[in-house]
Amino acid sequence: MYLPPHDPHVDDPMRFKPLFRIHLMERKSATVECMYGHKGPHNGHIQIVKKDEFSTKCNQTDHHRMSGGRQEEFRTWLREEWGRTLEDIFHEHMQELILMKFIYTSQYDNCLTYRRIYLPPSSPDDLIKPGLFKGTYGSHGLEIVMLSFHGKKAKGTKITGDPNIPAGQQTVEIDLAHPLQLPDVENLRDFSELSRIVLEVQEQVRREEQEQRQEAEDRSQQAASHPAAKPPLGGEGAEGEETAAGAEGTTQDKASGSQPFVLPMGVISRNEDYPRTCRICFYGTGLIAGHGFTSPERTPGVFVLFDDDRFGFIWLELKSFSLYSRIKVSFQNAQAPSREAFDEMLKNIQSLAT
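Note that the coordinates shown come from a computational prediction; the quantities given were computed from them, not determined experimentally.

(A) Quick look at the packing of aromatic side chains. Under the defined criterion, the tally for this structure stands at 18 aromatic pairs. A connected cluster of aromatic rings, assembled from ring pairs, spans Phe133, Tyr137, Phe282, Phe303, Phe311, Phe313, Trp315 and Tyr324. The ring of Tyr137 carries the charged tip of Lys158 above its face, separated from the ring centre by 4.6 Å. Lying over the aromatic face of Phe191, Lys319 brings its terminal NZ or CZ to 4.6 Å of the ring centre.

Printed below as a string of structure tokens:
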């Protein structure tokens with residue numbers, strides 16, 4: 001199991017923890033040992049469920065228990081998971097979330113199901129190389145997100161979840177067609193100025209989406225009353241493609257530059273060691289919800305590209321900042337499917353998570 005580094009150190013390497021091992025014996029037989037707990041390897045079982053999926057089961061869960069009971073297990077888990085004690089965490093809301101996570105994860109220590117993660121396909125036109133990133137999520141600590149590109153959109157899909165937003169959900173969505181021109185550093189410190197800029201773009205996006213829906217309705221009505229006609233060569237469709245390609249080239253050019261960056265006053269960041277220069281910013285939305293994924297809604301925000309391996313997201317409504325750093329572990333046998341297959345895989349992850 002690959003664990004993220006201790007909060008909020010997103011640039012630290014992933015931590016490695018063995019969960020089970022298989023001994024191949026003579027005559028094609030094998031034994032499985034569970035490595036969970038602190039009493040050493042013990043008897044386990046493994047089962048292939050279907051393609052890209054298998055399950056493990058521990059046959060001696062007493063090896064997972066500690067002599068000091070649940071309190072000792074919780075203290076040990078806290079040191080390993082967070083690198084601190086509960087006394088070090090003064091925020092009551094954070095203590096509550098940590099307890100919820102411990103109770104949830106400890107329920108599944110004897111039977112686990114594993115599904116292969118397909119890495120996102122990459123294209124030369126992508127803003128940066130897609131892949132897996134560690135990100136700060138306030139009181140939830142560090143979580144793993146998969147960044148992928150889909151034409152004029154980029155998506156951050158949660159690989160690990162929390163009591164509010166489960167794994168498989170799109171935590172952030174970036175609108176690459178709407179770059180943001182940030183003010184100079186002094187004006188950027190004013191949160192109301194940043195909020196004004198973002199909300200103006202949000203309204204622009206809303207109007208464009210409404211116009212596109214209206215145009216689609218008009219076209220469908222025309223198609224129903226008139227026979228289809230082929231557009232002339234070099235006509236409207238070709239012109240639109242050329243414009244889109246030109247806009248994309250402009251975005252790529254802008255992304256190669258650099259501008260000063262600072263968080264506005266009042267925006268909370270778990271990691272104050274974020275870069276003070278960025279390449280480009282885009283309008284985006286972030287998913288927020290109550291405990292148990294209740295009342296989910298997409299709220300406006302700012303995607304900030306720092307370099308090839310780091311980006312950030314300002315959650316406007318939460319006045320919070322998440323910093324993401326690329327996972328540089330080399331995962332052997334990881335495969336990148338086609339974009340169509342990857343989009344289908346994302347839908348499957350989301351349906352499993354809900």
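Now that the structure has been shown, we can carry on.
(B) Molecular detail of the pattern of salt bridges. Per the stated rule, a full pass over the model turns up 22 salt bridges. A salt bridge links Glu80 to Lys17; its shortest N-O distance comes to 3.7 Å. Taken together, the positions of Glu80 in helix α1 (residues 69-82) and Lys17 in the loop between β2 (15-16) and β3 (20-24) put the pair 63 residues apart, joining distant regions of the chain. Residue Glu80 is classed as partly exposed on the basis of its relative accessible area, which comes to 31%. Notably, a salt bridge pairs Asp175 with Lys153, separated by 3.9 Å at the nearest N-O pair.

(C) Here's a closer look at empty space enclosed by the protein. Counted under the stated rule, the structure contains 1 cavity of 30 Å³ or more. Of the volumes computed, that of the largest cavity is approximately 120 Å³. What lines the largest cavity is a set of 16 residues, and nearest its centre among them are Leu19, Phe20, Cys34, Thr56 and Cys58. Secondary-structure elements contributing two or more residues to the lining of the largest cavity are β4 (30-34), β5 (42-50), β6 (53-58) and β7 (111-115).

About the cut-offs
Residues numbered from 1 in each chain as written. Predicted model: local features only at pLDDT ≥ 70, side-chain atom pairs only at ≥ 80, totals over all residues. Heavy atoms only, no water. Phe/Tyr/Trp six-rings, centres within 6.5 Å; stacked < 30°, edge-to-face > 60°. Lys NZ or Arg CZ within 6 Å of the ring centre and 35° of its normal. Salt bridge = Lys/Arg side-chain N within 4 Å of Asp/Glu carboxyl O. Helix = DSSP H or I, 4+ residues; strand = E, 2+ residues; numbered from the N terminus. Buried < 20%, exposed > 50% of the residue type's maximum accessible area, 1.4 Å probe, protein only. 1 Å grid on protein atoms, 1.4 Å probe; cavity = no way out; pocket = protein on both sides within 12 Å on 5 of 7 lines; lining within 4 Å. Points joined across faces, edges and corners; volume = space filled by probe spheres on them.

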